[in-house]
Amino acid sequence: MHYLPSVALAFTLCACSNTVASLHYTAHTVAGVAAVPSIGAVTAIDQRKEAPTRLATIMGGYGNPLKTLDTAKPVKDEIADAFTEGLQVRGLLALNGQASFQIVLTVRKFDADMIIGRTARIDLTMAVLDQAGRVVFQDNAIDSQSDMKFFETGILANIGDMQVLAQAVLDRTVDRMLDNPAFRAAIARPTA
């Protein structure tokens, strides 16, 4: 009977815990505020090989998930919201949805994990479509960020650190893509 507390402790330490949180975009740079909003909507397509709301996983030594982070709504919608917020900050979003262009994001990867070090990654394409549905501009983004906290691994690791890394990668991607001079030039052209 002395082994029962040990088994209970081992089960507790191996059990997977889940946290649910939302992402909130913060602009770090803004190339300038547009005089006229030109984007009516942002939509996203999820091509990731993850569950729709799974953002991050802290792995144990055997590759087993110890802690997970899910978003309150699908990850693709969290990304679309970040781009929408980025457009609002830059004066590019038409509040009534009536504008010359829309953005479609194709998300191939956006996740974070930790085995020894923490890493967050993003891989997506932003396509700008005119009112006829033609692609008038396209841009790709691949980015990642890592950190090492040698004494905070496994069950000692903080899932909140994974959210911070993922948010930093997403914010940087939104800033780079929406402040790209080629993107700004494409949406400034008159549509036929």
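Each remark here, short or long, concerns the structure printed above.
Notes on the structure follow.

**Let's talk about the overall build of the protein chain**
Argument step 1. Looking only at helices and strands, the protein chain features four helices and seven strands.
Argument step 2. Seen in sequence order, the protein chain has helices and strands lined up from the N terminus as α-β-β-β-β-α-β-β-β-α-α.
Argument step 3. For the protein chain, buried positions account for 43% of its 192 residues.
Argument step 4. Split by element, the accessible area of the protein chain, about 10000 Å² in all, is 60% carbon and sulfur.

**With respect to the pattern of salt bridges**
Argument step 1. In this structure the tally under the stated criterion is 15 salt bridges.
Argument step 2. The residue R121 makes a salt bridge to D111 at a minimum N-O spacing of 3.1 Å. Of the two residues, R121 is situated in strand 6 (residues 118-130) and D111 in strand 5 (residues 101-114); the sequence distance between them amounts to 10 residues.
Argument step 3. Looking at D111, the relative accessible area reads 8%, which means it is buried.
Argument step 4. The residue D113 makes a salt bridge to R121 at a minimum N-O spacing of 2.8 Å.
Argument step 5. Connected through shared salt-bridge partners, R90, D175, D179 and R184 make up one network.

**A look at a nonpolar patch on the surface**
Argument step 1. A contiguous nonpolar patch, built from V30, V33 and V89 and spanning about 240 Å² of accessible area, is present on the exposed surface.
Argument step 2. Residue position: V33 is located in the loop between strand 1 (17-21) and strand 2 (39-46).
Argument step 3. Overall, the relative accessible area of 61% leaves V33 in the exposed class.

**Overview of the packing of aromatic side chains**
Argument step 1. Across all of its chains, the model carries one aromatic pair by this definition.
Argument step 2. Ring centres of F137 and F183 lie 6.1 Å apart, and the angle between their planes is 55°; this geometry places the pair in the tilted category. In this pair, F137 is assigned in strand 7 (residues 135-147) and F183 in helix 4 (residues 181-188), connecting sequence segments 46 residues apart.

**With respect to the nonpolar core**
Argument step 1. In terms of nonpolar packing, the biggest core is built from 44 residues, with F83, I103, F110 and F183 touching the most fellow members.
Argument step 2. Sorting the residues of this core by element identifies strand 2, strand 3 (54-59), helix 2 (75-89), strand 5, strand 6, strand 7, helix 3 (159-178) and helix 4 as the ones contributing at least two each.
Argument step 3. Considering each element in turn, this core owes the most residues, nine residues, to helix 3.
Argument step 4. In this structure F183 touches I39, L87, L92, I103, M126, V128, F137, M177 and L178, once residues within four positions along its chain are discounted.

**Some points on helix 2**
Argument step 1. Here helix 2 contains 15 residues, and its C-alpha end-to-end distance of 21 Å stays within 8% of the 21 Å for a straight helix at 1.5 Å per residue.
Argument step 2. Two residues or fewer after helix 2 comes G91, characterised by a positive phi angle close to 70°.

**Looking at the environment of R90**
Argument step 1. As for its placement among the helices and strands, R90 is situated in the loop between helix 2 and strand 5.
Argument step 2. Assessed through its relative accessible area of 0%, R90 is described here as buried.
Argument step 3. In this structure, the C-alpha to C-alpha distance between R90 and A31, residues 59 residues apart in sequence, is 7.9 Å.
Argument step 4. In this structure R90 touches Y25, T29, V30, G32, V33, A34, D175, L178, D179 and R184, once residues within four positions along its chain are discounted.
Argument step 5. Side-chain polar atoms of R90 contact the backbone oxygen of G86, separated by 3.0 Å.

**Some points on helix 4**
Argument step 1. By the burial criterion, the buried members of helix 4 are F183, R184, A186 and I187. The buried residues of helix 4 occupy one face: seen down the axis, they fall within an arc of 160°. Facing away from the buried side of helix 4 by over 90 degrees, the exposed positions are P181 and A188.
Argument step 2. Contact partners of the buried residues in helix 4: strand 2, helix 2, strand 5, strand 6, strand 7 and helix 3.

**So, the packing of helix 2 against helix 3**
Argument step 1. One way to put it is that helix 2 packs onto helix 3 with a least axis distance of 10 Å and a crossing angle of 50°. With respect to helix 3, the axis of helix 2 lies oblique. For helix 2 against helix 3, the interelement crossing comes out right-handed. For the pair helix 2 and helix 3, the contacting residues are I79, A82, F83, G86 and L87 in the first and L170, T173, V174, M177 and L178 in the second.
Argument step 2. Here the contact of helix 2 with helix 3 is composed, by residue class, of eight nonpolar, two polar and no charged.

Each value, and the rule that gives it
Residues numbered from 1 in each chain as written. Predicted model: local features only at pLDDT ≥ 70, side-chain atom pairs only at ≥ 80, totals over all residues. Heavy atoms only, no water. Helix = DSSP H or I, 4+ residues; strand = E, 2+ residues; numbered from the N terminus. Buried < 20%, exposed > 50% of the residue type's maximum accessible area, 1.4 Å probe, protein only. Areas by Shrake-Rupley, 256 points an atom, 1.4 Å probe, with all protein chains shown as cover. Salt bridge = Lys/Arg side-chain N within 4 Å of Asp/Glu carboxyl O. Patch = residues over 30% accessible without salt bridge, like charges linked within 9 Å, V, L, I, M, F, W, Y side chains within 5 Å. Phe/Tyr/Trp six-rings, centres within 6.5 Å; stacked < 30°, edge-to-face > 60°. Core = buried A, V, L, I, M, F, W, Y, C linked by side-chain atoms within 4.5 Å. Contact = heavy atoms within 4.5 Å. Expected span 1.5 Å × (residues − 1). Polar contact = N/O pair within 3.5 Å; in protein donor to acceptor, adjacent residues only side chain to side chain. Arc of directions from axis to C-beta. Axes fitted to C-alpha atoms, helices over the stretch in contact; angles between N-to-C directions. Parallel < 35°, antiparallel > 145°, perpendicular 65-115°, else oblique. Left-handed = near helix turned anticlockwise from the far one by under 90°. Nonpolar A, V, L, I, M, F, W, Y, C, P; charged D, E, K, R; others polar.

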